[in-house]
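A closer look at the structure
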Amino acid sequence: MDFQAHLNAIAGFNNLELLAGQVVEGFISGMHKSPFHGFSAEFAEHKVYNAGESTKHIDWKLYARTDKLYTKRYEEETNLRCHLILDNSSSMHYPTLPSSGLNSPNKIAFSVLAAAAIMQLMKKQRDAVGLSIYAENFEYYAPEKGSERHHHMLLNQLNQTLVKPDNAVKTDTYANLHFIAEKLKRRSLVFLFSDLFQNEIEQEKTFEALQHLKYNKHEVVLFHTYDSATELNFNFDSTPKRFEDVETGKHIDVFSDNLKEDYKKLVNAYFEALKLRCAQYRIKYVKADIQRGFAPILSTFLVERKQFL
C-alpha cells in the first residue's frame, strides 16, 4: 500500500488513527517470515492436559477428534509501559509544508505519525502508553494508560501539534527531559523523537538529562529525526540561497555548492558523535530519516519491546 498517496490525499492529519492503522497493517503484512510473528497475546501451542489443572483452556474440538485432552497455551500477556516524547521546536517543523495538504511529511509530521503507529501496536498488545511534548517550554504530559479514551486523547493531542505549529520556538531538551524523568515513577520504555540540532554545550546537557532517565531504570531509544535529502546531503540547486535558523531568525545568503562538501563533513561527524555518545550511555540510537519511511521505527519498537519484557 502506498501510504504517501494517503498522506497526499488527506488534508492535515484529521484521520490520524486511520493513517496510523494503515501504516501498521502495511508494516505487518510486509514482515512475511520475520521473527516478529506471534508478538501479540495469541494462541501459541497445545500441551497435554494434566489431572488437577484448570479445565478453562481445554480444546474440546481437538478432544472430539482425538479423544485426548489438550489445553491451549497462549503467549504471555504483559503490561508494558511506554512513554513517547516529541520535540516540538521550530526546527522539527522543517521542511515547511504547504497549507493545502501534505506533499511529503516534515520531521514533526513524520514523528507524529510514527508515534501514532507505535500507539496502534501498543493498543493491540493492551500495553499502556504515555505522551510528552516539549519545545522551549513543556507543552503536554499524559501518564501511561491503556484505555480507549486515553488512546483517543493522545491522538487528538498529536493532531493538535500539527495543526497549531508555533513559529521561532527554541528547544530546551535538557530541562524538559529532567522534568519527564521526575514524572515517570515506574520503569518504562522511553522513545524520544528529536532532530537534536544543538551546540556542544546543549548536547552535553541533553545527555545528562538522558542519563537521568537511565538512572531511573528506564530503557531509552532515541529516534534521531532528520531529512537526509537536505539536512544530511545538502541537496540544493546551484542558485543563491538564503538559509535561515528557524528558531533564532538568523540567516545567511550563500551559494550552496560552495558549502556542500564542508557541510556534509561536519554534519556526518556530528551524527557519528551522537551515535557514539548514545552507545557510551547505553541508549539505543535509531536513524529516523523521513525519506526512509516508518519500517525502521516500528521494527525497533517490536525488538525493544521483546527485550524490555
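Here's a quick rundown of the structure. Per-chain numbering applies: the sequence of each chain, read as written, is numbered from 1 onward. In view of the model being predicted, local features appear only for residues whose pLDDT reaches at least 70, and side-chain atom pairs are presented and counted only at 80 or more, with totals across whole chains, interfaces and linings using the full set of residues. Just so you know, side-chain values use all the structure's heavy atoms and leave hydrogens and water out.

**Examining the packing of aromatic side chains**
Any two rings among Phe, Tyr and Trp, with Trp reduced to its six-membered ring, count as a pair given centres within 6.5 Å; such a pair is stacked if its planes are under 30 degrees apart, edge-to-face if over 60, and tilted if neither. Applying the stated criterion to the full structure yields 13 aromatic pairs. With a centroid separation of 4.8 Å and 10° between ring planes, the pair formed by Phe110 and Phe294 is classed as stacked. Remark: Phe294 occurs in the loop between β10 (284–289) and α10 (295–308) and Phe110 occurs in helix α4 (residues 107–125); sequence separation between them is 184 residues. For Phe110, a relative accessible area of 1% gives the class buried. Among the residues examined, Phe294 registers a relative accessible area of 12% and is labelled buried. Of the aromatic side chains, those joined through ring pairs into one cluster are Phe191, Phe193, Phe223 and Phe301. One cation-aromatic arrangement involves Lys205 over Tyr174; the distance from NZ or CZ to the ring centre is 4.7 Å. Positioned above the aromatic ring of Phe207, the side-chain terminus of Arg277 is 5.4 Å from the ring centre. Here a strand is any run of E in DSSP of at least two residues, a helix any run of H or I of at least four, and the numbering for each starts at the N terminus. Each residue is placed in one exposure class: buried if its accessible area under a 1.4 Å probe, protein chains only, is under 20% of its type's maximum, exposed if it is over 50%, and partly exposed if it falls in between. By the criterion adopted, a ring carries a charge over it if an Arg CZ or a Lys NZ lies within 6 Å of its centre and within 35 degrees of its normal.

**Digging into the pairing of strand β8 (residues 240–244)**
Little of β8 is tucked away, with zero of its five residues classed as buried. Only strands joined by at least two bridges in the DSSP assignment are considered to pair. The pairing of β8 with strand β9 (residues 251–255) spans five bridges and is classified as antiparallel. Across the sheet, Glu244 pairs through a bridge with His251, a residue of β9.

**Quick look at unusual backbone geometry**
Following Tyr94, the chain continues into Pro95 via a peptide bond in cis, with omega recorded as -10°. Relative to the helices and strands, Pro95 resides in the loop between β3 (81–87) and α4. Non-glycine residue Lys217 carries a positive phi angle of around 75°. Note on placement: Lys217 falls in the loop between α7 (200–215) and β7 (219–226).

**Some points on the pairing of strand β6 (residues 189–194)**
Summarising burial for β6: six of the six residues are buried, a large majority. Neither face of β6 is open: one carries Leu189, Phe191 and Phe193, the other Val190, Leu192 and Ser194, and all of them are buried. Relative to β6, β3 runs parallel, the two being bridged by five bridges. Across the sheet, Cys82 pairs through a bridge with Leu189, a residue of β6. Direction of pairing for β6 relative to β7: parallel, over a ladder of six bridges. Pairing of Leu192 across the sheet is with Leu222, part of β7. Handedness rule for crossovers: strands pointing away from the viewer, path from the first strand over the helix to the second running clockwise, crossover right-handed. Once the chain exits β6 it traverses α7 before rejoining the sheet at β7, and the crossover so formed is right-handed.

**Side note on the sheet that holds strand β5 (residues 138–145)**
Strand order across the open sheet formed by six strands is β5-β4-β3-β6-β7-β10, with mixed pairing between neighbours. In this open sheet, the two edge strands, each paired with only one partner strand, are β5 and β10. Each adjacent strand pair in this sheet contributes to an overall mean axis angle of 15°, direction not counted. With five bridges joining them, strand β4 (residues 128–134) and β5 adopt antiparallel strand pairing. In this description, a line fitted to the C-alpha atoms serves as the axis of each element, helices being fitted only across the stretch in contact, and the angle between N-to-C directions of two axes falls anywhere from 0 to 180 degrees.

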